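# Structural features, examined
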Amino acid sequence: MRLVRRPAKGVVVERDAAAGVRLEDGTVVRADRVLLAAGPWSDDLEGLPAGTVPSVRPVKGQVIRLRTRVPFLRRCTRGLVKGSPVYLVPRADDGEIVLGATQEELGFDRRVTAGGLWELLRDARELFPGVTELEFAEVTAGLRPGSPDNAPVLGHSALPGLVLGTGHFRHGVLLAPVSADVLSALLLDGPVPEVARPFSPDRFSPERISEVNR
Ligand SMILES: Cc1cc2nc3c(=O)[nH]c(=O)nc-3n(C[C@H](O)[C@H](O)[C@H](O)COP(=O)(O)OP(=O)(O)OC[C@H]3O[C@@H](n4cnc5c(N)ncnc54)[C@H](O)[C@@H]3O)c2cc1C
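Residues numbered from 1 in each chain as written. Predicted model: local features only at pLDDT ≥ 70, side-chain atom pairs only at ≥ 80, totals over all residues. Heavy atoms only, no water.

A few words on the sheet that holds strand 3 (residues 28–30). On the basis of which strands lie adjacent, the open sheet formed by three strands has the order 1-2-3 and antiparallel pairing. Of all strands in the sheet, those with a lone pairing partner are strand 1 (8–14) and strand 3, marking the two edges. Ignoring which end each strand starts from, the neighbouring axes of this sheet average 35 degrees apart. Alignment of strand 2 (residues 17–23) against strand 3, held across three bridges, turns out to be antiparallel. If you follow Gly20 over to strand 3, its bridge partner there is Arg30. (Pairing = 2+ DSSP bridges. Helix = DSSP H or I, 4+ residues; strand = E, 2+ residues; numbered from the N terminus. Axes fitted to C-alpha atoms, helices over the stretch in contact; angles between N-to-C directions.)

Set out below in structure tokens:
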């Protein structure tokens, strides 16, 4: 087995099946199974027949890291402030507290904004008035991969040989072990695990949608 750590430009399709991956410099890495797990970029790869990958959109999230030298919070705490979810996660080891997260539909925008930080701090202070006294450590913005129904897309695509593992949206870390089990079963040609059936890519096929609407 050869390990290649380079961006893929597209999927190679031969005789109506996935046959490998084409890299940016034109090199082809041949494979009889291709796993497409490119997060919010999952529907950007070239070479795939239209409709093979459901649309996957980026959903921006900003998080703030705060620091405390005195005990402030022991448990992960979630709340809703005027309808907006906010959470604080104390890190066990270093007195850091993670405060998150915004949910913004702004395409591939990863800028940290004053408004995002203000919203997070405003809502967190409703739950914990002392939060704005903590030391500021860092702020970051990331992109979550959101499918049309915000649920994971896990399973065989309509293109033989192409398996999809994307759309994990807000829960990709939490779901990593179960998704890895499902995807390895599919790549090894095992039966589709029961737990993955509701997340099959074919729920977005035009035929399934008209079936459901009938
Ligand atoms: C602020 C924030 C907070 C979050 N909090 C939580 C949380 O508390 N719990 C939780 O479970 N989840 C959380 N998530 C969601 C979680 O991060 C995502 O669901 C998860 O990262 C999705 O994993 P993924 O591997 O499918 O996609 P990604 O993490 O997006 O990874 C996709 C990878 O594919 C690579 N790639 C893209 N295109 C190509 C290409 N052409 N060739 C090769 N590689 C390519 C990218 O570089 C990237 O490394 C949070 C997300 C954000 C933004």
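Having put the structure on the table, let's press on.
This part covers the site of the ligand. Taken together, 22 residues lie around the ligand, and Ala8, Phe169, Gly172, Val173 and Leu174 are the ones closest in. Within the contact set of the ligand, an oxygen atom lies 2.7 Å away from a backbone nitrogen or oxygen of Phe169. In isolation the ligand has 1,000 Å² of accessible area, and contact with the protein removes 62% of it. Considering only residue class, the shell around the ligand consists of 14 nonpolar, six polar and two charged. For the shell around the ligand, the two domains that each supply at least three residues are domain 1 (8–54 + 148–213) and domain 2 (57–146). (Near = heavy atom within 4 Å. Polar contact = N/O pair within 3.5 Å; in protein donor to acceptor, adjacent residues only side chain to side chain. Areas by Shrake-Rupley, 256 points an atom, 1.4 Å probe, with all protein chains shown as cover. Nonpolar A, V, L, I, M, F, W, Y, C, P; charged D, E, K, R; others polar. Domains from an automatic or database assignment.)

Examined at the domain level, the protein breaks down into domain 1 (8–54 + 148–213) and domain 2 (57–146). In this complex, domain 1 contributes eleven residues to the contact, which on the side of domain 2 involves ten residues. Applying the counting rule to domain 1 against domain 2 returns zero salt bridges. The interface formed by domain 1 and domain 2 holds three residue pairs in polar contact (both at pLDDT 80 or more) in total. (Contact = heavy atoms within 4.5 Å. Salt bridge = Lys/Arg side-chain N within 4 Å of Asp/Glu carboxyl O.)

Now for the sheet that holds strand 4 (residues 34–36). Taken in spatial order, the three strands make up an open sheet running 4-11-10, and their pairing is mixed. Each of the sheet's edge strands pairs with one partner strand only, and the pair in question is strand 4 and strand 10 (153–156). Going across the sheet, the axis of each strand differs from the next one's by a mean of 20 degrees, ignoring polarity. Of the pairings in the sheet, the one linking strand 4 to strand 11 (residues 162–166) comprises three bridges and is parallel in character. Its bridge partner being in strand 11, Leu35 is matched across the sheet by Val163.

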